[in-house]
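Analysis of the macromolecular model
Residues per chain, in single letters:
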Amino acid sequence: MVTIAEQPCYTLINTYDDTSEVPNEQQLKHDLEHGTIAVKIITLKKVIHLILQGEKYPGLLMTIIRFLLPTNDHTLKKLLLIFWEIVPKTTGDGKLLHEMILVCDAYRKDLQHPNEFIRGSTLRFLCKLKEPELLEPLMPSIRACLDYKHAYVRRNAVLAIYTIYKNFDQLIPDAPELILNYLEGEQDASCKRNAFMMLTHVDRERALDYLSTCIDQVHTFNDILQLVIVELVYKVCHSNPSERSRFIRCIYNLLSSGSLAVRYEAAGTLVTLSNAPSAIKAAAQCYVELIIKESDNNVKLIVLDRLIGLKNTSSTHEKILQELVMDILRVLSSPDLEVRRKTLSLVLQLSSTRNIEQVVMVMKKELTGTMEASSDSSDAKSYRQSLVKTLHSCSIKFPDMAATVVPLVSTNSSSNVF
């Protein structure tokens, strides 16, 4: 038999730090039966920690069922969800404890409670149950929660159905069809996202059928749903390349999404689905815009790495990126030194006889700006040195530019960059 310590627990609980004596079962019973709400909360916390430490209190089950389960206090209800998650629910021979029938009835009532928090938290708790005997009587109430007025309840009902179908599909064999019908009528973005995500994992064909009916409206969807759609298209097109023509236009449309995260994922998906120059250019332009608009320097560096990886993929990709050098140079407006250095390195690699004059002109302007600026910070000096080094490399790579570059390099030679 699985011991208490080996049973899965999906809730992190802070260690009970109490150096006092472990209370006996009679004292715990007394506090649970006759204590105030505050005392009952403290006592139930003690019981939870003691059970997690390996203590066994089978005699407390009926006390908790009688005196705590009917409570309307939200804190107690949350603690009870943790308690029923960790407490042993079966006998030594694997049969369900008779007391759990009463618990099951109590949670059936909570699934019909007028308070949306109680309904939603109960649905989340049911996702963690591994006893189909407990879940089976609750299935009608779980289904009914799909039609509840509050989105919090509906989206947790979808997650509960998804988890139950994944673990015990015999309890709700029509789950994919049920969720598809629900998805077609749902308006809340988070609920639609959960429902569509479930279909992508349990019935991909139904998910694709739904996407086909609304593919022209995808760009109007909320970003959390758009991300799931991008993930689905990526998986479908990789497993079945013939579907690329069906969905690649959808990915193109998502490059203009209002969400930077969606645009990033859509660009990454597009370059894996198509090697067409138009697709590569669209994805690269999207990456550049992301770097410029994103305020987080770590994200800027990640997207710059994507551009560098795109350049290294093939010579064709490199030629496409050479056309975007002037756009990439706009990234130098970032104040972060590492972002600037990586951008200068990429620009140097993408420089060609067709764009070198424009590249040098921009870097001269940047260098002049750093010299005129009053800041003498280490980052400003390092950026100035990086510009001088890059200009020097340009003059070596393109000797025709030496007459333009050498005077600038000579002027800044006192910086000891060589």
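Small disclaimer: the values here were computed from a predicted structure and weren't measured.

What to know about the overall build of the protein
Looking only at helices and strands, the protein features 23 helices and 0 strands. For 418 residues, the compact-globule estimate of 2.2 N^0.38 gives 22 Å, and the protein exceeds it by more than 25% at 31 Å. Seen through its C-alpha atoms, the protein measures out along the principal axes to roughly 95 × 55 × 40 Å. For the protein, buried positions account for 47% of its 418 residues. Within the protein, counting contacts between residues at least 6 apart in sequence, those at least 24 apart form 64% of the total. Accessible surface, the protein: about 20900 Å² in total, of which carbon and sulfur atoms supply 50%. For the protein, the centre of its 47 positive side-chain charges and the centre of its 48 negative side-chain charges are spaced 4 Å apart.

Here we look at the pattern of salt bridges
This structure, assessed with the given rule, holds 13 salt bridges. We note a salt bridge from K281 to E323, for which the minimum N-O separation is 3.7 Å. Of this pair, K281 sits in helix 16 (residues 277-293) while E323 is found in the loop between helix 18 (315-322) and helix 19 (325-329), placing the two residues 42 residues apart along the sequence. For K281, a relative accessible area of 32% gives the class partly exposed. Linking R330 and D327 is a salt bridge whose minimum nitrogen-to-oxygen distance equals 3.8 Å. The class for R330 is partly exposed, based on a relative accessible area of 37%. A relative accessible area of 27% means that D327 is categorised as partly exposed. A single salt-bridge network, built from bridges that share partners, covers D105, R108 and K109.

Quick word on the packing of helix 17 (residues 297-313) against helix 18
Packing of helix 17 against helix 18 brings their axes to within 5 Å, and their N-to-C directions diverge by 130°. On the basis of the axis angle, helix 17 is oblique to helix 18. Residues L307, L310, K311 and T313 of helix 17 form the contact with helix 18, whose participating residues are H317, E318 and L321. Among the residues forming the contact of helix 17 with helix 18, the class breakdown is 3 nonpolar, 2 polar and 2 charged.

Some points on the packing of aromatic side chains
Tallied over the full model, the rule gives 4 aromatic pairs. Its guanidinium or amino end placed over the ring of Y162, K166 lies 5.0 Å from that ring's centre, counting from NZ or CZ. The ring of Y252 has R249 lying over it, and the distance from NZ or CZ to the ring centre is 4.8 Å.

Overview of helix 4 (residues 74-86)
A rise of 1.5 Å per residue sets the reference length of helix 4, with its 13 residues, at 18 Å; its end C-alpha atoms lie 19 Å apart and thus fit the reference within 8%. When you tally the buried positions in helix 4, you get 10 out of 13 residues, the bulk of the element. Among the residues making up helix 4, those that are buried are L76, K77, L79, L80, L81, I82, F83, W84, E85 and I86. For helix 4, the side-chain oxygen to backbone nitrogen distance between the N-cap and T75 is 3.1 Å, and the N-cap itself is D73.

Structural notes on helix 9 (residues 151-167)
Counted at 1.5 Å a residue, the expected span for helix 9 with its 17 residues is 24 Å, and the 24 Å between its end C-alpha atoms agrees. Turning to helix 9, its buried residues are A151, V153, R154, N156, A157, V158, A160, I161, Y162, T163, I164 and Y165.

Examining the state of the cysteines
Going through the model one piece at a time under the given rule, you end up with 0 disulfides. Of all cysteine sulfurs, the one in C127 lies closest to C145, which takes part in no disulfide; the gap is 12 Å.

Quick notes on the nonpolar core
Counting 138 residues, the largest nonpolar core has L44, I64, F83, W84, I142, F196 and I229 as its most contacted members. Looking at this core element by element, the count peaks at 10 residues for helix 16.

As for the side chain of S257
Here S257 shows up in the loop between helix 14 (244-254) and helix 15 (260-273). Residue classification places S257 among the buried residues on the basis of a relative accessible area of 9%. Polar contacts involving the side chain of S257 include one to the main-chain amide nitrogen of S259, which spans 3.2 Å. Those residues in contact with S257 that lie beyond four places of it in its chain are Q226, V262 and R263.

What to know about the environment of L310
As for its placement among the helices and strands, L310 is situated in helix 17. Residues L310 and N181, 129 residues apart in the sequence, show an inter-C-alpha distance of 41 Å. What L310 contacts, discounting residues up to four positions off in sequence, is V271, I280, A284, H317 and L321.

Some thoughts on the confidence of the model for the protein
Per-residue confidence for the protein averages 87 on the pLDDT scale, and 91% of its residues sit at or above 70. Here residues 1-5 scores under 50 on pLDDT; set against residues more than four positions off or in separate chains, the count is 7 contacts.

Considerations on the environment of C394
Within the secondary structure, C394 is located in helix 22 (residues 378-397). The exposure class assigned to C394 is buried, which follows from its relative accessible area of 0%. The spacing of C394 and L348 is 46 residues in sequence and 7.1 Å in space, taken between C-alpha atoms.

Criteria and cut-off values
Residue positions within a chain follow its written sequence, with the count starting from 1. The model is predicted, so local features are restricted to residues of pLDDT at least 70 and side-chain atom pairs to those at 80 or more, both for listing and for counting; the totals for chains, interfaces and linings are taken over all residues. The basis for the side-chain values is all heavy atoms of the structure; hydrogens and waters are excluded. Secondary structure elements follow DSSP: runs of H or I no shorter than four residues count as helices, runs of E no shorter than two count as strands, and numbering proceeds from the N terminus. We compute the radius of gyration over the C-alpha atoms and compare it with the globule rule, which gives 2.2 Å times the number of residues raised to the power 0.38. When a residue's accessible area, from a 1.4 Å probe over protein chains only, is under 20% of the maximum for its type it is buried; when over 50% it is exposed; and in between it is partly exposed. Every residue pair with non-hydrogen atoms within 4.5 Å of one another is taken to be in contact. Accessible surface is estimated by sampling points in the Shrake-Rupley manner with a 1.4 Å probe; for residues, cover comes only from the protein chains shown. This count recognises Lys and Arg as positive and Asp and Glu as negative, with His and chain-terminal groups excluded. Each charge is placed at NZ for Lys, CZ for Arg, CG for Asp and CD for Glu. Just to be clear on terms, a salt bridge is a Lys or Arg side-chain nitrogen sitting within 4 Å of an Asp or Glu carboxyl oxygen. All axes are obtained by fitting lines to C-alpha atoms, using only the stretch in contact for helices, and the reported angles, taken between N-to-C directions, cover 0 to 180 degrees. Note on angle classes: values under 35 degrees are labelled roughly parallel, values over 145 roughly antiparallel, values of 65 to 115 roughly perpendicular, and the remainder oblique. Each residue receives one of three labels: charged for Asp, Glu, Lys and Arg, nonpolar for Ala, Val, Leu, Ile, Met, Phe, Trp, Tyr, Cys and Pro, and polar for the others, Gly being one of them. We call Phe, Tyr and Trp rings a pair once their centres come within 6.5 Å, taking the six-membered ring for Trp, and we label the pair stacked below 30 degrees between planes, edge-to-face above 60, and tilted otherwise. For a lysine, the NZ atom is tested; for an arginine, the CZ atom; a charge sits over a ring if that atom is within 6 Å of the ring centre and within 35 degrees of the ring normal. Here the expected length of a helix is defined as 1.5 Å per residue gap, with one fewer gap than residues. N or O atoms closer than or at 3.5 Å make up a polar contact, with two conditions inside protein: a donor-capable atom paired with an acceptor-capable one, and, for residues adjacent in sequence, both atoms drawn from side chains. Pairs of cysteine sulfur atoms within 2.5 Å are what we label disulfides. Nonpolar core, defined: a set of buried Ala, Val, Leu, Ile, Met, Phe, Trp, Tyr and Cys residues in which side-chain atoms within 4.5 Å join the residues together. Residue-level confidence of the predictor is summarised by pLDDT, bounded by 0 at the bottom and 100 at the top.

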